[in-house]
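Structural overview for review
Single-letter residue listing:
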Amino acid sequence: MQVVDNLVALRTRIKNWRADNEVIAFVPTMGNLHQGHLSLVKKAAELADRVVVSIFVNPLQFNDKQDLDNYPRTLNDDIKQLSELRCDLVFTPDDSIMYPRGMSNQTSVHVPGMDDKLCGLGRPGHFDGVATVVTKLLNMVQTDIAVFGEKDYQQLLLIRQLVQDLNLPMDIIGAPTCREQDGLAMSSRNQRLTESEREKAPLLYQQLQAVKTALLENRQGLDAALADAQSQLSEAGFETEYLEVRRADNLQPLQSGETTTARILVAARLGSVRLIDNILCDLA
Ligand code: AMP
């Protein structure tokens, strides 16, 4: 496994693989790798001859400076974990490689229909930052396949849309959310929870499941089920940003009686940590 921090070295390696007709799969990350990230790398290895992982904490997608400053950075440990998997290349650019003319002079990618819903409302500018960095990384790596987690479901749809709209020649693969034994979705932010917050955190997933059960039993009871879940979360100390059921294909609100695949999505703060999660609910 090779670790490179500059574009010339990255491109040289990719060019050689392309010349040999090898299929390349790419997993972009912000590091502090856990089993969720590693599951994406394993998926990439199943699908391709060569696996590239990037580690870059992208300042452009943080609307909260404190969140950016507190984001855990564990590069040496990340590289060690990747070296134990089938990973060929780790790309670790810094801000000067990603944004050589500065972030405010960077051409920006905007995917419409994202800022007005769910995480877009609570994190102004976040999705432009994600769309911009992912477009740049996909162009840098020139991959055939890129793997993203369903954990960040709105992000996954945004990337599918940008790849279609900009005709980027690659397949986007979504991978299921990896969870701790108690159901909490794995996340780099979990380690910032206090011990007592960590004990409460699985309630988020439990309430998603409660809403799903209620929805499958009785569509008419959905509003009551959402209200009940919200109040259970708030009683436990969560500050819910949103808890909603949306169409899985475009995140539009469900029409009454609509038979389609839905997604139940939540974002909530527990102390200083913002957690997100979502599950599928098949109403088809
Ligand atoms: P991040 O480092 O948070 O930007 O995440 C990098 C990639 O890992 C994204 O595609 C995430 O959706 C994915 N990811 C994060 N957490 C999980 C998880 N618990 N299970 C599966 N994929 C995840």
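About the thresholds
Residues numbered from 1 in each chain as written. Predicted model: local features only at pLDDT ≥ 70, side-chain atom pairs only at ≥ 80, totals over all residues. Heavy atoms only, no water. Near = heavy atom within 4 Å. Polar contact = N/O pair within 3.5 Å; in protein donor to acceptor, adjacent residues only side chain to side chain. Areas by Shrake-Rupley, 256 points an atom, 1.4 Å probe, with all protein chains shown as cover. Helix = DSSP H or I, 4+ residues; strand = E, 2+ residues; numbered from the N terminus. Nonpolar A, V, L, I, M, F, W, Y, C, P; charged D, E, K, R; others polar. Axes fitted to C-alpha atoms, helices over the stretch in contact; angles between N-to-C directions. Parallel < 35°, antiparallel > 145°, perpendicular 65-115°, else oblique. Left-handed = near helix turned anticlockwise from the far one by under 90°. Contact = heavy atoms within 4.5 Å. Domains from an automatic or database assignment. Buried area = accessible area lost by both parts, 1.4 Å probe. Salt bridge = Lys/Arg side-chain N within 4 Å of Asp/Glu carboxyl O. Pairing = 2+ DSSP bridges. Core = buried A, V, L, I, M, F, W, Y, C linked by side-chain atoms within 4.5 Å. Buried < 20%, exposed > 50% of the residue type's maximum accessible area, 1.4 Å probe, protein only.

In the vicinity of the ligand, 16 residues are found, and the nearest of them are Met-30, Gly-149, Asp-152, Cys-178 and Met-186. Interatomic distance of 2.9 Å between a backbone N/O atom of Met-30 and an oxygen atom of the ligand. Protein burial of the ligand: of its 490 Å² of free accessible surface, 92% is covered by the chains. Among the elements of the structure, strand E2 (24-29), helix H2 (35-47) and strand E5 (145-149) are those that each provide at least two residues to the shell around the ligand. At three residues, the largest contribution of residues to the shell around the ligand is made by H2. When its residues are assigned to classes, the shell around the ligand shows eight nonpolar, six polar and two charged.

Between helix H10 (residues 203-217) and helix H11 (residues 222-235), the shortest axis-to-axis distance is 9 Å and the interhelical angle comes to 165 degrees. As the angle between them shows, H10 and H11 are arranged roughly antiparallel. You can see that H10 and H11 cross each other, and the crossing is right-handed. Contact with H10, carried on its side by Leu-203, Leu-204, Gln-207, Val-211, Ala-214 and Leu-215, involves Leu-222, Ala-225, Leu-226, Ala-229, Gln-232 and Leu-233 of H11 and no other residues of that element. Of the residues belonging to the contact of H10 with H11, the class tally is 10 nonpolar, two polar and no charged.

Okay, the domain arrangement of the chain next. Domain assignment breaks the chain into domain 1 (2-175) and domain 2 (188-282). Computed from C-alpha atoms alone, the centre-to-centre distance between domain 1 and domain 2 is 26 Å. Across the boundary between the two partners, domain 1 contributes 20 residues, which contact 18 residues of domain 2. Both sides of the domain 1 and domain 2 interface together cover about 1700 Å² of buried area, and 53% of this is carbon and sulfur. Linking domain 1 to domain 2 there are three salt bridges. The interface formed by domain 1 and domain 2 includes eight residue pairs in polar contact (both at pLDDT 80 or more). Elements with a contribution of two residues or more to the side of domain 1 that touches domain 2: helix H3 (65-70), helix H6 (119-122) and helix H8 (153-165). Broken down by element, the residue count for the side of domain 1 that touches domain 2 peaks at three residues, all from H8.

To continue, consider the sheet that holds strand E7 (residues 238-247). If you trace the three strands from one edge of the open sheet to the other, you get E7-E8-E9, paired in antiparallel fashion. The open sheet has two edge strands, E7 and strand E9 (273-282), and neither has a second partner. Between one strand axis and the next, the sheet turns through 15 degrees on average, direction left out of account. Sheet analysis places E7 next to strand E8 (residues 261-270), joined by nine bridges and oriented antiparallel. Residue pairing for E8: Glu-239 is matched across the bridge by Arg-269. Contacts from H11 reach E7 and E8 within the one sheet, and its direction differs from that of E7 by about 155 degrees.

A few words now on the nonpolar core. Counting residues in each nonpolar core, the largest one holds 44 residues, and the members touching the most others are Leu-10, Val-52, Leu-138, Leu-158, Val-163 and Ile-172. Elements that contribute at least two residues to this core include exactly helix H1 (7-19), E2, strand E4 (89-91), helix H7 (126-141), E5, H8 and E8. At nine residues, H7 tops the list of elements feeding residues into this core. Two domains each provide a minimum of three residues to this core, namely domain 1 (2-175) and domain 2 (188-282). Dropping the residues within four chain positions of it, Ile-172 is found in contact with Ala-146, Phe-148, Leu-156, Ile-159, Arg-160 and Val-163. Ranked by size, the runner-up nonpolar core spans 28 residues in total, among them Ala-262, Ile-264, Val-273 and Ile-279.

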